[in-house]
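One letter stands for each residue in the lines below.
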Amino acid sequence: MAKTAKKAALGKIQLCDDGIYLIRANKWNKTKRRIADPILVTAFATSDPGTPREQAFTVIEFMNRRGKWKKEIISSSVLITHCTEFTTLPSKRGYLWPFNRDLRAKMIAALSVEKPSRDIRVTDVPGWHGKSFVLPGEAYTPNGPDRNVIQINYNPTVKLGAFRRSRTLDQWKKNIAKTCAHSSRARLAVAAGFAAPNLRPLKVNSFGFNFSGPTSGGKTLLVRLAASAAGLNSNEGPETWDGSTAAFEQRALGHRDSMMPLDDLSHLAGDTTQVTQL
């Protein structure tokens, strides 16, 4: 059985836009057999370039079982030292690898030596990076919005904010901003979302404020207003915090250079002044 599997994998791998092919050639003929849906290396990426923390990444794009193109940014070392981990990443998003293990190994080997022409930069956290403001899915550069030059790479220790895109600026002005004219607290809440990205360029330290009052007094509404412009409201409403230092730090990293809305601190054990200490 093992010999049969190895024999089936004999040949050279060819990575194409329409699929992965196994090429076999001898003195008499040449065959080309499609063995998998396309999976390609589309860019080389680095994080923290020019620093001791610099790391290399590889941008992989592949077609899942539904015919949809997906993208993963992975550490380049994974292609060499953690092949099982690498095969798992696209599989979780619907990529179908060949059943033959030797074919999978040959595909990974072919991907590991690809030299894409495009270079990008990746980061684990949003916010200012040089002159660009980076959010999940898009960066805002001096030359306008860009989805290619710098991208956010998923890191389990960073809890990214929602940063949801919904509707238009005119609709936000009509439905949110206009109504805030009747409340100084609402205006303060909305202003926080616009102030946050300006703190780093102005060299101003981060700060926070708290709305307090009786139940059903509109505190959660104010948090939702504050989070509206940056798209930080989820379907479940403003997020709460479990009180641990690690969770706070992960959330803060995921909202870097943006406002970080927190709702309902009453469930925290002990003295809630620990929030200000963090």
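One can find the structure itself at the top, above this paragraph.
Below, the structure is looked at part by part. (Residues numbered from 1 in each chain as written. Predicted model: local features only at pLDDT ≥ 70, side-chain atom pairs only at ≥ 80, totals over all residues. Heavy atoms only, no water.)

## Some details on the side chain of threonine 58
Okay, so step 1: Along the chain, threonine 58 falls in strand β5 (residues 55-63).
Okay, so step 2: For threonine 58, the side chain forms a polar contact with the side chain of serine 76, separated by 2.8 Å.
Okay, so step 3: Ignoring any residue separated from it by four or fewer positions in sequence, one finds threonine 58 in contact with Val41, Ala43, Glu72, Ile73, Ile74, Ser76 and Leu79. (Helix = DSSP H or I, 4+ residues; strand = E, 2+ residues; numbered from the N terminus. Polar contact = N/O pair within 3.5 Å; in protein donor to acceptor, adjacent residues only side chain to side chain. Contact = heavy atoms within 4.5 Å.)

## Notes on the packing of aromatic side chains
Okay, so step 1: Counted according to the given criterion, the structure contains 6 aromatic pairs.
Okay, so step 2: A connected cluster of aromatic rings, assembled from ring pairs, spans Phe62, Phe86, Tyr95 and Trp97.
Okay, so step 3: In this structure, lysine 32 packs its charged tip against the face of tyrosine 21, placed 4.6 Å from the ring centre. (Phe/Tyr/Trp six-rings, centres within 6.5 Å; stacked < 30°, edge-to-face > 60°. Lys NZ or Arg CZ within 6 Å of the ring centre and 35° of its normal.)

## Some words on a nonpolar patch on the surface
Okay, so step 1: On the surface, Leu188, Phe207 and Phe209 cluster together to form a nonpolar patch covering roughly 320 Å² of accessible area.
Okay, so step 2: Within the secondary structure, phenylalanine 209 is located in the loop between α6 (184-195) and α7 (219-228).
Okay, so step 3: The class for phenylalanine 209 is partly exposed, based on a relative accessible area of 41%. (Patch = residues over 30% accessible without salt bridge, like charges linked within 9 Å, V, L, I, M, F, W, Y side chains within 5 Å. Areas by Shrake-Rupley, 256 points an atom, 1.4 Å probe, with all protein chains shown as cover. Salt bridge = Lys/Arg side-chain N within 4 Å of Asp/Glu carboxyl O. Buried < 20%, exposed > 50% of the residue type's maximum accessible area, 1.4 Å probe, protein only.)

## Quick notes on the layout of surface pockets
Okay, so step 1: By volume, the second largest pocket is sized at about 1100 Å³.
Okay, so step 2: Lining the second largest pocket are 31 residues, and of these Arg164, Ser228, Ala229, Ala230 and Gly231 lie nearest its centre.
Okay, so step 3: Among the secondary structure elements, those contributing two or more residues to the lining of the second largest pocket are β9 (132-135), α5 (169-177), α6 and α7.
Okay, so step 4: Per element, the largest residue contribution to the lining of the second largest pocket is 5 residues, and it comes from α5. (1 Å grid on protein atoms, 1.4 Å probe; cavity = no way out; pocket = protein on both sides within 12 Å on 5 of 7 lines; lining within 4 Å. Points joined across faces, edges and corners; volume = space filled by probe spheres on them.)

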